[in-house]
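# Structural overview
Letter by letter, the chains look like this.
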Amino acid sequence: MGSRRWLAVILAGLAWPAAATGADNVPQRVVSMNVCTDQLAMLVARPGQLHSVSYLARDAGTSAMAEEAGAYAVNHGLAEEIFLMKPDLVLAGTYTTRTTISLLRRLGFRVEEFQPEASFDEVRANLARMGDLLGNPARAKTLIAGMDAQIAALEAAGTPRLRTALTFANSYTAGSGTLVSEVVKRAGLDNIAEMLGMTGTARLPLELLVLADPELMAGGRSEVEGPALAEQNFAHPAYRALAAATAEAPLENRLTVCGGPFTLEAARALQAAARRAKGAAP
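Residues numbered from 1 in each chain as written. Predicted model: local features only at pLDDT ≥ 70, side-chain atom pairs only at ≥ 80, totals over all residues. Heavy atoms only, no water.

Bringing the state of the cysteines into the picture now. The final tally for this structure, using the stated rule, is one disulfide. What pairs with Cys 36 in a disulfide is Cys 258, and their sulfur atoms sit 2.0 Å apart. Every disulfide takes its handedness from the sign of the S-S torsion; for Cys 36 and Cys 258 that torsion is -80°, giving left-handed. Here Cys 36, found in helix α2 (residues 35-44), pairs with Cys 258, found in the loop between α12 (253-256) and α13 (264-280); they are 222 residues apart in sequence, far enough to count as distant. Residues Cys 36 and Cys 258 agree in their burial class; the two are buried. (Disulfide = S-S within 2.5 Å. Helix = DSSP H or I, 4+ residues; strand = E, 2+ residues; numbered from the N terminus. Buried < 20%, exposed > 50% of the residue type's maximum accessible area, 1.4 Å probe, protein only.)

Attention now goes to helix α6 (residues 120-133). The end-to-end C-alpha distance of α6, which contains 14 residues, comes to 20 Å, matching closely the 20 Å that a straight helix rising 1.5 Å per residue would cover. Of the residues one or two after α6, Gly 135 is the one with positive phi, at around 65°. (Expected span 1.5 Å × (residues − 1).)

Quick look at the pairing of strand β2 (residues 50-54) now. With respect to burial, β2 is a largely interior element, four of its five residues being buried. Pairing of strand β1 (residues 30-32) with β2, which is carried by two bridges, proceeds in the parallel orientation. Bridge pairing in β2 links Val 31 to Ser 52. When β2 meets strand β3 (residues 73-75), the two strands line up parallel, connected through three bridges. Residue pairing across strands places Val 53 opposite Val 74, the latter belonging to β3. (Pairing = 2+ DSSP bridges.)

Ordered in space as β8-β6-β10-β11, the four strands form an open sheet in which the pairing is parallel. Edge positions in the sheet fall to β8 (190-191) and β11 (247-249), since each has one partner strand and no second. Bridge count for strand β6 (residues 163-167) against strand β10 (residues 216-219) is four bridges, and the pairing is parallel. Bridge assignment links Leu 166 to a residue of β10, and that residue is Ala 218. Along the sheet face, helix α11 (residues 237-245) touches β6, β10 and β11 and points at about 115° away from the line of β10. (Contact = heavy atoms within 4.5 Å. Axes fitted to C-alpha atoms, helices over the stretch in contact; angles between N-to-C directions.)

Evaluated as defined, the whole model comprises 14 salt bridges. The shortest N-O distance in the salt bridge between Asp 148 and Arg 124 comes to 2.8 Å. With Asp 148 in helix α7 (residues 137-155) and Arg 124 in helix α6, this pair connects stretches of sequence that are 24 residues apart. Judged by relative accessible area, Asp 148 falls into the partly exposed class, the value being 32%. Here Asp 213 and Arg 163 are joined by a salt bridge, their closest N and O atoms 3.4 Å apart. Placement of Asp 213 in the loop between α10 (206-212) and β10 and of Arg 163 in strand β6 is noted, with a sequence separation of 50 residues between them. Taking relative accessible area as the criterion, Asp 213 reaches 45% and is therefore assigned partly exposed. Several salt bridges converge on common partners, so that one network encompasses Arg 98, Arg 105 and Glu 113. (Salt bridge = Lys/Arg side-chain N within 4 Å of Asp/Glu carboxyl O.)

Let's shift gears to the sheet that holds β2. Strand order across the open sheet formed by five strands is β3-β2-β1-β4-β5, with parallel pairing between neighbours. Edge positions in the open sheet fall to β3 and β5 (111-114), since each of these has one partner strand only. With strand direction ignored, the average angle separating the axes of adjacent strands in the sheet is 25°. Helix-sheet contacts for helix α5 (residues 98-106) involve β4 (89-93) and β5, and the interaxial angle to β5 is about 150°.

Below, the discussion takes up the nonpolar core. The biggest cluster of nonpolar side chains holds 49 residues, and the ones touching the most others in it are Leu 91, Leu 127, Met 130, Leu 134, Leu 189 and Leu 270. It is α13 that contributes the most residues to this core, seven residues altogether. Aside from chain neighbours lying at most four places away, what touches Leu 270 is Val 183, Val 184, Ala 187, Leu 189, Leu 216, Ala 218, Ala 249 and Pro 250. Listed in part, the 14 residues of the second largest apolar core include Ala 79, Phe 83, Ala 92 and Ile 101. (Core = buried A, V, L, I, M, F, W, Y, C linked by side-chain atoms within 4.5 Å.)

So, in structure tokens, the structure goes:
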């Protein structure tokens with residue numbers, strides 16, 4: 001009998017009823033095991049309702065709400081530790097470990113999964129769903145209205161429409177159908193990857209990048225210290241020459257790994273960089 005099966009047998013033998021839900025079936029003890037559901041839940045939950053978030057929620061390089069996450073217990077997505085927390089609702093992403101999700105459901109826990117966002121429409125939908133699940137739809141509606149107001153302000157800003165290259169480790173870029181590309185659009189810029197017909201996360205060969213002649217470059221190196229083979233593309237002489245001659249824009253992973261109102265900070269940063277680039281042009 002495999003170790004996972006033994007665990008299921010042991011936990012099933014120890015099982016106790018999950019924490020009771022409150023009025024109108026509103027969960028009272030919520031555990032999130034995905035960095036994106038962590039942040040949606042922190043934004044929407046009532047005081048005392050959210051008990052635990054994933055350890056990644058406290059990682060400032062991945063989470064836009066790392067400081068807020070310090071107020072909650074941390075979990076590592078293990079079935080046994082979540083079992084002992086006795087939640088009446090578990091929040092997960094669709095890419096969360098399938099074995100853990102399956103085991104928790106077999107033990108009788110309610111698990112709700114969220115798809116990662118690839119657009120602001122999907123951010124709105126996930127916020128609204130989180131509001132419904134946590135019995136706080138008014139809070140979700142307020143967040144969505146605030147986000148829509150910020151988007152309207154971005155669109156009214158009149159940003160110079162610069163050709164923008166998104167460049168990441170291993171020569172990857174983000175084309176249509178990605179949240180990062182939508183951020184570029186909301187900033188009023190043109191994503192070179194989309195202009196080249198790329199969809200999803202795809203490789204952008206250095207030759208194509210140079211020929212595309214970007215006016216703005218965003219992305220760049222990760223925050224990992226020390227040399228990495230994945231970032232050799234940034235060391236190529238042609239890339240260094242292009243980067244030296246092109247305006248750069250900040251694009252923090254913590255703002256775009258997950259979708260939320262905070263993602264619009266990335267769009268504002270791109271707009272500010274585009275205005276600086278236009279002002280510096282002869």
